[in-house]
Amino acid sequence: MDDFATITQKRMTGGLRIDNLEGKNIHIDPGPGALIRSYQFGLNPRRLDAIIVSHSHTDHYTDAEVLIEAMTRGMTRSKGTVIGSLSVIKGYKDWGPCISKYHLSKTENIILEDGETTKLDNIKITATKTIHGDPTCIGFKFQTPRITISYTSDTAYFNELGSYHRGADVLIASVIRPDNEHIRGHMCSDDFKLLIENVKPKLAIMTHLGMKMIFNDPDGEALRVQEDTDTRVIAARDGMCIDLEQLTDHQLTLDDYGYRGAPVAQSGRARDS
């Protein structure tokens with residue numbers, strides 16, 4: 001598989017953080033390095049309001065417990081919310097659980113299956129369906145009065161995938177391989193193109209890139225998908241930061257996003273760790 005990207009750290013694997021979304025700071029899929037990379041990029045894990053984990057694969061959950069300790073001030077207070085799939089919170093067959101009962105004792109804990117919803121104050125969070133190795137794996141759609149951000153997590157492309165993410169202003173997807181190179185349980189660039197055409201977001205971001213994608217010009221792949229879909233498409237980079245504050249107000253350029261050819265996913269702002 002493309003676990004080599006995690007093992008070699010050719011790209012950082014700390015997941016994705018969305019800051020100041022309706023006043024909430026959320027870390028999604030905190031894999032290896034999430035704590036260290038948070039500090040490296042000037043993000044304070046003690047200010048998290050929620051930690052969200054899509055499934056029980058190590059590149060998505062390994063730093064969840066240490067981020068919970070940061071969020072709860074060393075487990076000294078009850079604070080924050082943990083949202084995850086069944087395998088992450090309780091375990092399912094050979095998968096999980098990924099977070100100890102001790103660490104879950106200081107947080108509100110919510111298990112979601114695809115199609116189910118919960119709320120984080122003014123943010124509606126919907127679990128989206130995936131087809132992946134962990135059968136309980138879910139993606140997430142975050143809906144607010146001003147913006148909708150959707151995250152596929154790891155999934156193969158399937159015909160109904162777009163219906164789960166439709167209405168998203170920002171579509172963030174795990175795109176492992178370039179062109180039409182398929183790998184079980186994951187999308188390639190051509191799959192992402194189909195998803196974008198179905199969802200029609202204002203901005204699409206490819207993240208969780210595999211080794212073949214990393215060494216095959218991901219920016220070029222993003223440009224190819226952009227030209228084919230007439231949608232702004234960006235390939236995530238380490239430390240990438242995009243300011244989405246004005247996304248619903250006018251058509252942004254890459255300069256508006258804060259992207260200037262160096263590390264660019266936070267209204268809020270979304271940052272790739």
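Before reading further, recall that the structure is shown in the block above.
Everything in this summary refers to the structure shown in the same document. (Residues numbered from 1 in each chain as written. Predicted model: local features only at pLDDT ≥ 70, side-chain atom pairs only at ≥ 80, totals over all residues. Heavy atoms only, no water.)

1. Re the environment of Cys98
For step 1, the next point in the chain: Its place among the elements puts Cys98 in the loop between helix H5 (86–89) and helix H6 (101–104).
For step 2, the next point in the chain: For the pair Cys98 and Val53, spaced 45 residues apart in sequence, the C-alpha to C-alpha distance is 9.3 Å. (Helix = DSSP H or I, 4+ residues; strand = E, 2+ residues; numbered from the N terminus.)

2. Some thoughts on the packing of aromatic side chains
For step 1, the next point in the chain: Under the definition given, this model contains two aromatic pairs.
For step 2, the next point in the chain: Centroid distance Phe158 to Tyr164: 6.4 Å. Interplanar angle 65°. Geometry classified as edge-to-face.
For step 3, the next point in the chain: Among the residues examined, Tyr164 registers a relative accessible area of 24% and is labelled partly exposed.
For step 4, the next point in the chain: Note that Lys129 overlies the ring of Phe158, its terminal NZ or CZ placed 5.5 Å from the centroid. (Phe/Tyr/Trp six-rings, centres within 6.5 Å; stacked < 30°, edge-to-face > 60°. Buried < 20%, exposed > 50% of the residue type's maximum accessible area, 1.4 Å probe, protein only. Lys NZ or Arg CZ within 6 Å of the ring centre and 35° of its normal.)

3. Some remarks on the pairing of strand S8 (residues 138–143)
For step 1, the next point in the chain: Most of S8 is tucked away, with five of its six residues classed as buried.
For step 2, the next point in the chain: Both S8 and strand S9 (residues 148–151) contribute to a ladder of four bridges, which runs antiparallel. Within S9, the residue paired with Gln143 across the bridge is Thr148. (Pairing = 2+ DSSP bridges.)

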